[in-house]
Amino acid sequence: MVNASSKTLTSLSQHACFGGTVGIYSHQSEQCHCPMKFAVYVPPQAQSQPVPVLYFLAGLTCTEQNFITKAGAQAYAARHGLMLVAPDTSPRGDDVPDEEGWDFGSGAGFYVDATEEPWATHYRMYSYVTEELPAVIQSNFSVNAAKQGIFGHSMGGHGALVCGLRNPETYQSISAFAPIAAPKQCAWGQKALGKYLGSDSATWSDYDASELVKHHGQADRRILIDQGLADSFLEQQQLKPELFKAACEQAGQPITLRMQPDYDHGYYFIASFMEDHIKHHAQVLCP
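Residues numbered from 1 in each chain as written. Predicted model: local features only at pLDDT ≥ 70, side-chain atom pairs only at ≥ 80, totals over all residues. Heavy atoms only, no water.

**A short note on the environment of Pro287**
Keep this limit in mind: A run of DSSP states H or I qualifies as a helix once it reaches four residues; a run of E qualifies as a strand once it reaches two. Both are numbered from the N-terminal end. We call a residue buried when its accessible area falls under 20% of the maximum for its residue type, exposed when it is over 50%, and partly exposed in between, using a 1.4 Å probe and counting protein chains only. The contact criterion used is simple: two residues touch if any of their non-hydrogen atoms lie within 4.5 Å.
Looking at the secondary structure, you find Pro287 in the segment after helix H9 (267-285). Given a relative accessible area of 84%, Pro287 falls into the exposed group. It is 38 Å that separates the C-alpha atoms of Pro287 and Cys34, two residues lying 253 residues apart in sequence. When sequence neighbours within four positions are dropped, the list of residues in contact with Pro287 reads Lys147 and Ala282.

**What to know about the pairing of strand S2 (residues 20-29)**
Defined as follows: Strands were regarded as paired on the criterion that DSSP finds at least two bridges between them.
Along S2, eight of the ten residues are buried, which leaves the element largely enclosed by surrounding structure. Relative to S2, strand S1 (residues 10-17) is paired through seven bridges, and the arrangement is antiparallel. Looking across to S2, one finds that Ser11 is bridged to Tyr25. Connecting S1 to the antiparallel partner S2 that follows it, the hairpin turn spans two residues, and Phe18 within it adopts a positive phi of roughly 50°.

**Section: the state of the cysteines**
In plain terms, the rule: Criterion for a disulfide: a pair of cysteine sulfur atoms within 2.5 Å.
All chains considered together, the criterion is met by zero disulfides. The closest cysteine sulfur to the non-disulfide-bonded Cys32 is located on Cys34, 5.4 Å from its own sulfur. Look at Cys32 and you get buried, because its relative accessible area is 0%. By relative accessible area, Cys34 is classed as buried at 4%.

**Remarks on the pattern of salt bridges**
Applicable threshold: Put simply, a salt bridge is a Lys or Arg side-chain nitrogen that is within 4 Å of an Asp or Glu carboxyl oxygen.
Tallied over the full model, the rule gives nine salt bridges. Between Asp113 and Arg124 there is a salt bridge, and its shortest N-O distance comes to 3.5 Å. On the criterion of sequence distance, the pair formed by Asp113 in the loop between strand S5 (83-87) and helix H3 (125-140) and Arg124 in the loop between S5 and H3 is long-range, its members being eleven residues apart. On the basis of relative accessible area, Arg124 is assigned to the partly exposed category, the value being 24%. It is possible to trace a salt-bridge network through shared partners that takes in Arg79, Glu275 and Lys279.

**Section: the environment of Ala176**
The residue Ala176 is located in strand S7 (residues 173-177) in this model. The class for Ala176 is buried, based on a relative accessible area of 0%. For Ala176 and Trp188, which are twelve residues apart along the polypeptide, the C-alpha to C-alpha distance reads 18 Å. Those residues in contact with Ala176 that sit more than four places away from it in its chain are Gly152, Gly157, Leu161, Leu224, Ile225, Asp226 and His277.

What follows is the structure in structure tokens.
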């Protein structure tokens, strides 16, 4: 249970947008034991009724700002009446441990619940995203808690697949842009999972979408993934969407994997296919 103090928000900024509002908020997180920030787009439909909510998990080095300012999602969310929520990618603060480098520590929480010191106290992004943040949103905004979806990019695509597969009763729709789809088999994932969870790689499977789908696939829920073919991280074997697709097909999990010529790993790519992803979620959450 999330206590009342963690649900108390501080509004940091508010902006009118497509008939609704973009807001940046902070609160004291019980899971991460530090202040956490998140962005929310409230569509105009929320003025008269509870609306479905769609969570976006950002990638390495990002904050709560990247998606809400660069992805161009608000116009499509307003059209369909979807609330958008984008949390930060990790705990932050003077008391939060960090490590030099961009792919671990601050900005790189990997959406896991760390078990190894010194990370275990603060780096609990899986429980933050799946438990605490939804409770905060439901307490402060007009949302239909029975209608939730999740998507993300890169490290956040990994997080969206993991959170969605492990919690099918919570998230009715899932999609991803260029996800780290098999972290046990790439350098980014091996570094992060090893440091956060320890050297026993058997424990990493709970945070590997290509492993999870073998046991948590849902035949009535199609997963959408877009991947740019000019993505340098695809060439570096960090993403491995083909392994996730093969695991889905083996498990009977419907998947649409679209390999997009000429597109790289950045937000121009995300913005180009954002409308398709919003429609993918709206078809489930806004029938």
